[in-house]
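Here are the chains, one letter per residue:
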Amino acid sequence: MNAVSWLNAEAFTAFGQHILWSDMIGSTIGLFALALGWRRSVWTWPAQLASGAVLVAAYASAQLSGGVGKQLLVIALALWGWQQWTRGNRRAQDGSVAVRFATWKERGLLAGGALVGTLAVGGLFSLYPSLSWSPWADAYIFVGTLVAMVAQARGLVEFWFAWLLVDLVGVPLAFNSGLAFSGLVYVIYFALVLWGLRDWWLRSRTPALEGAPA
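Predicted, not measured: the structure shown is a model, and the values here were computed from it.

Visitor: What am I meant to see in unusual backbone geometry here?
Guide: Working note: non-glycine residues mostly have negative phi, and peptide bonds are mostly trans. Although it is not a glycine, arginine 40 adopts a positive phi angle of roughly 60 degrees. Counting through the fold element by element, arginine 40 comes out in the loop between helix 2 (21-38) and helix 3 (44-61).

In structure tokens, the structure reads:
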């Protein structure tokens, strides 16, 4: 059995749901990545990269092309975000990445990008049904994840609001797709997002140190 076959194999069954190794491992790493993001640790990015790589196999097994595409995008954005956090020259007083609220212009760009992106991707998935059995939900999560990671890379508190909106659709879609472990992890994500939002909100009031080494 090769590595991909093993990842797509069933780990165990719980409450009538078949839990795949890829689903369990990828989602668990993603959970740690979110916790590291809450702590503003640069290690959140390699963790997101690893989670995306494993979850490609999970979504492929569920025949969710949109999910596969999303995870490939996660990998690319994780590399970009990693670069942003290690090359930045603004640090909070505790040496961690400085966070702030977005300007109204930035919020408009994020919201506009989310709307246009969801319409474009949802339209593509609708034209080619083989890409997704749930085109608009997949498109919403696909683009929402993009927006959240871009906001995180820029140290914007709105990153957490974007993840809250993604979770609202991600939880039911994961359960309906047979990825029960991902669904359960999304529920835990919701609690972590609320705590992370509070922490970044408070941290946004801490002045950054201009010119501090990255």
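After that view, the rundown keeps rolling.
Visitor: When you look at the pattern of salt bridges in this model, what are you seeing that I'm missing?
Guide: A pair can form between side chains of opposite charge whenever their charged atoms are brought close. Throughout the structure, instances matching the rule amount to 5 salt bridges. In this structure, arginine 154 engages glutamate 106 in a salt bridge whose closest nitrogen and oxygen atoms are separated by 3.3 Å. Of this pair, arginine 154 sits in the loop between helix 6 (135-153) and helix 7 (158-176) while glutamate 106 sits in helix 5 (residues 104-127), placing them 48 residues apart in sequence. Salt-bridge contacts for arginine 107 lead to glutamate 158; the nearest nitrogen and oxygen are separated by 2.8 Å.

Visitor: Can you help me understand the packing of helix 6 against helix 7 in this one?
Guide: The axes of two packed helices give the description: the angle between them and the distance between them. Closest axis-to-axis distance for the helix 6/helix 7 pair is 9 Å, and the angle between their directions is 155 degrees. Considering their axes alone, helix 6 and helix 7 lie roughly antiparallel with respect to each other. Like other packed secondary-structure pairs, helix 6 and helix 7 cross with a definite hand, here left-handed. Every residue of helix 7 that contacts helix 6 at Ala137, Asp138, Tyr140, Ile141, Gly144, Thr145, Val147, Ala148, Ala151 and Gln152 is listed here: Glu158, Phe159, Ala162, Trp163, Leu165, Val166, Val169, Gly170 and Leu173. Partitioned by chemical class, the residues of the contact of helix 6 with helix 7 number 13 nonpolar, 4 polar and 2 charged.

Basis of the calculations
Residues numbered from 1 in each chain as written. Predicted model: local features only at pLDDT ≥ 70, side-chain atom pairs only at ≥ 80, totals over all residues. Heavy atoms only, no water. Helix = DSSP H or I, 4+ residues; strand = E, 2+ residues; numbered from the N terminus. Salt bridge = Lys/Arg side-chain N within 4 Å of Asp/Glu carboxyl O. Axes fitted to C-alpha atoms, helices over the stretch in contact; angles between N-to-C directions. Parallel < 35°, antiparallel > 145°, perpendicular 65-115°, else oblique. Left-handed = near helix turned anticlockwise from the far one by under 90°. Contact = heavy atoms within 4.5 Å. Nonpolar A, V, L, I, M, F, W, Y, C, P; charged D, E, K, R; others polar.

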